[in-house]
Amino acid sequence: MDYSMRHLARPVASSSVAGLLLALAAAAMGARAAPLVGRRAESAAQCQRLLRLPTGTRSYLRDYGRLARFLFGPEGIDRNGEETGVAMLSRVRSVPGALAAYHGIERAILRGSRADALSKRILRTLLLNGRAAVAGKNSLAFCSLINRLRLAYLYYHRATELAHAGKRQSAYNALRCWLFLLSQDDVAASRLQWCNLNPIVVSKYGMPLEVFRSIRDYNRPAITARVRFNKLLSAIPRIGPRGTGAVKPTVVVSAVDAAWSAARGRVGWQYKILYALRNERQRAAEFGRRRCLLVLGRRIVSLRRQVNADRLLSHLQRAALLRWIKEAMGP
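**Quick notes on the overall build of the chain**
Working step 1: For the chain, the count of helices and strands is 15 helices and 1 strand.
Working step 2: Counting contacts in the chain only where the partners sit at least 6 residues apart, residues at least 24 apart contribute 74% of the total.
Working step 3: When the accessible area of the chain is evaluated, it comes to approximately 14,500 Å², of which 52% is carbon and sulfur surface.

**Brief notes about the packing of helix H5 (residues 96-111) against helix H8 (residues 168-183)**
Working step 1: Following both chains from N to C, one finds H5 and H8 inclined at 90°, their axes separated by 10 Å at the closest point. In terms of orientation, H5 and H8 fall into the roughly perpendicular class. Two secondary-structure elements touch here, H5 through Ile-105, Glu-106, Ile-109 and Leu-110 and H8 through Asn-173, Ala-174, Arg-176, Cys-177, Phe-180 and Leu-181.
Working step 2: Along the lines of polarity and charge, the residues of the contact of H5 with H8 split into 7 nonpolar, 1 polar and 2 charged.

**Quick look at the environment of Arg-176**
Working step 1: Locating Arg-176 in the fold gives a position in helix H8.
Working step 2: Taking C-alpha positions, Arg-176 is 9.3 Å from Arg-52, a pair spaced 124 residues apart along the chain.

**Here's the deal with the nonpolar core**
In a soluble, globular protein the nonpolar side chains are often hidden away together inside.
Working step 1: Within the largest apolar cluster, 98 residues are counted, with the highest numbers of intra-cluster contacts made by Tyr-60, Leu-67, Leu-71, Leu-181, Met-207, Leu-274 and Trp-324.
Working step 2: Sequence-distant contacts of Met-207, that is, excluding residues within four places in its chain, are made with Leu-51, Tyr-172, Leu-175, Leu-179, Leu-197, Val-201, Val-202, Phe-212 and Ile-215.

**Details of the packing of aromatic side chains**
Working step 1: Counted according to the given criterion, the structure contains 9 aromatic pairs.
Working step 2: Centroid distance Tyr-156 to Tyr-205: 6.5 Å. Interplanar angle 35°. Geometry classified as tilted. Within this pair, whereas Tyr-156 is found in helix H7 (residues 145-164), its partner Tyr-205 is found in the loop between helix H9 (200-203) and helix H10 (209-219), the two being separated by 49 residues in sequence. Of the two residues, Tyr-156 and Tyr-205, neither departs from the other in class, the shared state being buried.
Working step 3: When the ring of Phe-229 is compared with that of Trp-269, the centres are 4.3 Å apart and the planes differ by 15°; the resulting orientation is stacked. Of the two residues, Phe-229 sits in helix H11 (residues 222-234) while Trp-269 sits in helix H13 (residues 267-286), which places them 40 residues apart along the sequence.
Working step 4: An aromatic cluster is built from Tyr-153, Tyr-156, Trp-178 and Tyr-205, whose rings are joined through pairwise contacts.
Working step 5: Above the face of the Trp-269 ring, Arg-266 is positioned so that its terminal group lies 4.4 Å from the ring centre.

**With respect to helix H15 (residues 315-329)**
Working step 1: Taking 1.5 Å as the rise per residue, H15 with 15 residues should run 21 Å; its terminal C-alpha atoms sit 21 Å apart, in good agreement.
Working step 2: Those residues of H15 hidden inside the fold are in contact with helix H6 (117-125), helix H12 (249-263), H13 and helix H14 (290-309).

**Side note on empty space enclosed by the protein**
Empty space among the atoms can be located by rolling a probe the size of a water molecule over them.
Working step 1: Inspection of every chain in the model, using the stated rule, returns 3 cavities of 30 Å³ or more.
Working step 2: Considered as a void within the structure, the second largest cavity measures approximately 40 Å³ in volume.
Working step 3: Looking at the second largest cavity, the residues that line it are Ser-119, Ile-122, Leu-123, Leu-126, Gln-184, Asp-185, Asp-186, Val-187 and Ala-188.
Working step 4: Split by residue class, the lining of the second largest cavity holds 5 nonpolar, 2 polar and 2 charged.

**Quick notes on unusual backbone geometry**
Working step 1: Positive phi, normally seen in glycine, also occurs at Arg-52, with a value near 60°.
Working step 2: Looking at the secondary structure, you find Arg-52 in the loop between helix H2 (42-50) and strand E1 (55-58).
Working step 3: The exposed category is assigned to Arg-52, whose relative accessible area is 53%.

**Considering helix H4 (residues 85-94)**
Within an α-helix, residues lying three or four positions from one another point in the same direction, as the helix has 3.6 residues per turn.
Working step 1: Along H4, the residues classified as buried are Gly-85, Met-88, Leu-89 and Val-92. Considered in projection along H4, the buried side chains sweep an arc of 100° and stay on one side of the axis.
Working step 2: Looking at the buried residues of H4, the elements they touch are helix H3 (61-72), H5 and H7.

**Re the side chain of Ser-183**
Working step 1: Counting through the fold element by element, Ser-183 comes out in helix H8.
Working step 2: The residues contacting Ser-183, other than those within four sequence positions of it, are Ser-43, Ala-44, Cys-47 and Trp-194.

**Here we look at the pattern of salt bridges**
Working step 1: This model, assessed by the stated rule, comprises 13 salt bridges.
Working step 2: Close ionic contact of Arg-220 with Asp-217 constitutes a salt bridge, the shortest N to O distance being 3.7 Å.
Working step 3: Members of the salt-bridge network, linked through shared partners, are Arg-93, Arg-158 and Glu-161.

About the criteria used
Residues numbered from 1 in each chain as written. Predicted model: local features only at pLDDT ≥ 70, side-chain atom pairs only at ≥ 80, totals over all residues. Heavy atoms only, no water. Helix = DSSP H or I, 4+ residues; strand = E, 2+ residues; numbered from the N terminus. Contact = heavy atoms within 4.5 Å. Areas by Shrake-Rupley, 256 points an atom, 1.4 Å probe, with all protein chains shown as cover. Axes fitted to C-alpha atoms, helices over the stretch in contact; angles between N-to-C directions. Parallel < 35°, antiparallel > 145°, perpendicular 65-115°, else oblique. Nonpolar A, V, L, I, M, F, W, Y, C, P; charged D, E, K, R; others polar. Core = buried A, V, L, I, M, F, W, Y, C linked by side-chain atoms within 4.5 Å. Buried < 20%, exposed > 50% of the residue type's maximum accessible area, 1.4 Å probe, protein only. Phe/Tyr/Trp six-rings, centres within 6.5 Å; stacked < 30°, edge-to-face > 60°. Lys NZ or Arg CZ within 6 Å of the ring centre and 35° of its normal. Expected span 1.5 Å × (residues − 1). 1 Å grid on protein atoms, 1.4 Å probe; cavity = no way out; pocket = protein on both sides within 12 Å on 5 of 7 lines; lining within 4 Å. Points joined across faces, edges and corners; volume = space filled by probe spheres on them. Arc of directions from axis to C-beta. Salt bridge = Lys/Arg side-chain N within 4 Å of Asp/Glu carboxyl O.

It is worth stressing that arrangement in space is one thing and function is another; only the former is reported here.
Okay, here's the thing in structure tokens:
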């Protein structure tokens, strides 16, 4: 299955923390993030608005959980990640309950749902490894970033089938569901993965030209900010063994500070920094760099104080950041 969107999306820059994910999701991790300040729901809300999807109170979370469990749960048809997307869609069609969940998600999105319904659920339990902490039967604990992308791509495959059959309006509706579900992963994935589109969506999938243009215009201003942040993130040096030329912990801290300053208000960027910090602490432990461990630990404690004092954060954002900070600190 191809998750690079090469037929629909333009090439994107890779992120220095893309190792968090399997190669299938590298494009998602590295896609350019929108320069949004503040609330976690903005990416999904913008996607909903630009795709001209109605707002409303319909919830697709129960159907989403049912479909996710059918696909990726302990007894799921693709719990080992071996199915192709087309085969998964065929399997969904063969089981009435799974097909009903699939259509339930689609109906809720097209008829009006809360823009941040799934993104809030993700943020509530997301771990630095891209998976979800266990928090009840509907926690999506078995539904990693990779799996959420694979579930979303069921609608892309359906859109492609409908486009080939000449049913452009139905293809566009399925395409909108795909893009909307992608927009929910605005932390572990990119805020802009959903709108880095190729013009083929207009001619093949029936997207109105004015919708495509509005999404393209929304995408453009984000490029400079994302590229600038990627440079700061990639400037965080890797800690190696002791010896000549070994990276000093103060250099790592200085690079982290520069990236963190640029990331304020962007929880997805802060997530990537904390992921990098966790990696460097693990490397410091591996190489016996006790001084590095101490200095980086102090810096993480300082970040925790900043997060606790940041009044721009919602309760959910703060809780998520504190969870990732705890993970970055390690045992």
